[in-house]
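Architecture and fold: a report
Residue strings, one per chain:
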Amino acid sequence: DTDMLRQWLLTALSGLNPREQFIVRERKLRDDPRTLESLGGELGLSKERVRQLEAAAFGKMRRSLEGQSREVHGFFG
């Protein structure tokens, strides 16, 4: 199950642009997730803009994973 979940997430991530991938990885896939503020500072964006980009990325990922396991949808909760 873990391997399948990982494959679904990698597939969904591949549908994102590089900036969206970076935001999702830094916010959700790190042991010590970064804050919106720290990412905004690095990217030259406001923390609100980073939040908007993150939400849009999750929407893209959610659409690409429609019909998959509930475990995958829990990631976006």
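Reference entry: report on the structure contained in this document. (Residues numbered from 1 in each chain as written. Predicted model: local features only at pLDDT ≥ 70, side-chain atom pairs only at ≥ 80, totals over all residues. Heavy atoms only, no water.)

**Observations concerning the pattern of salt bridges**
Summed over the entire model, instances satisfying the criterion amount to six salt bridges. Linking Arg-30 and Glu-26 is a salt bridge whose minimum nitrogen-to-oxygen distance equals 2.7 Å. According to the relative accessible area criterion, Glu-26 is buried, its value standing at 13%. One salt bridge connects Arg-51 with Glu-48, and the closest N-O pair in it is separated by 2.6 Å. On the criterion of helical spacing, the pair formed by Arg-51 and Glu-48 is a turn pair, its members being three residues apart in helix H4 (residues 47–64). Using a relative accessible area of 37% as the deciding quantity, one classes Arg-51 as partly exposed. (Salt bridge = Lys/Arg side-chain N within 4 Å of Asp/Glu carboxyl O. Buried < 20%, exposed > 50% of the residue type's maximum accessible area, 1.4 Å probe, protein only. Helix = DSSP H or I, 4+ residues; strand = E, 2+ residues; numbered from the N terminus.)

**Thoughts on the side chain of Gln-21**
Among the secondary structure elements, Gln-21 is positioned in helix H2 (residues 18–28). The contacts of Gln-21, once residues within four sequence positions are left out, are Leu-13, Ser-14 and Leu-16. (Contact = heavy atoms within 4.5 Å.)

**Re the nonpolar core**
Judged by nonpolar contacts, Trp-8, Leu-9, Ala-12, Leu-13, Leu-16, Val-24, Ala-57, Phe-58, Met-61 and Leu-65 together constitute the single largest core of ten residues. Broken down by secondary-structure element, the contributors of at least two residues to this core are helix H1 (2–14) and H4. Here this core takes four residues from H1, the largest share from any one element. (Core = buried A, V, L, I, M, F, W, Y, C linked by side-chain atoms within 4.5 Å.)

**Structural notes on helix H3 (residues 36–43)**
Of the residues making up H3, those classed as buried are Leu-36, Leu-39 and Gly-40. For H3, the angular spread of buried residues about the axis comes to 100°, placing them on one side. The exposed residues of H3 that point more than 90 degrees off its buried face are Glu-37 and Gly-41. Each element contacted by the buried residues of H3 is listed here: H2 and H4. Note on H3: the residue one or two positions beyond its end, Gly-44, has a positive phi of about 75°. (Arc of directions from axis to C-beta.)

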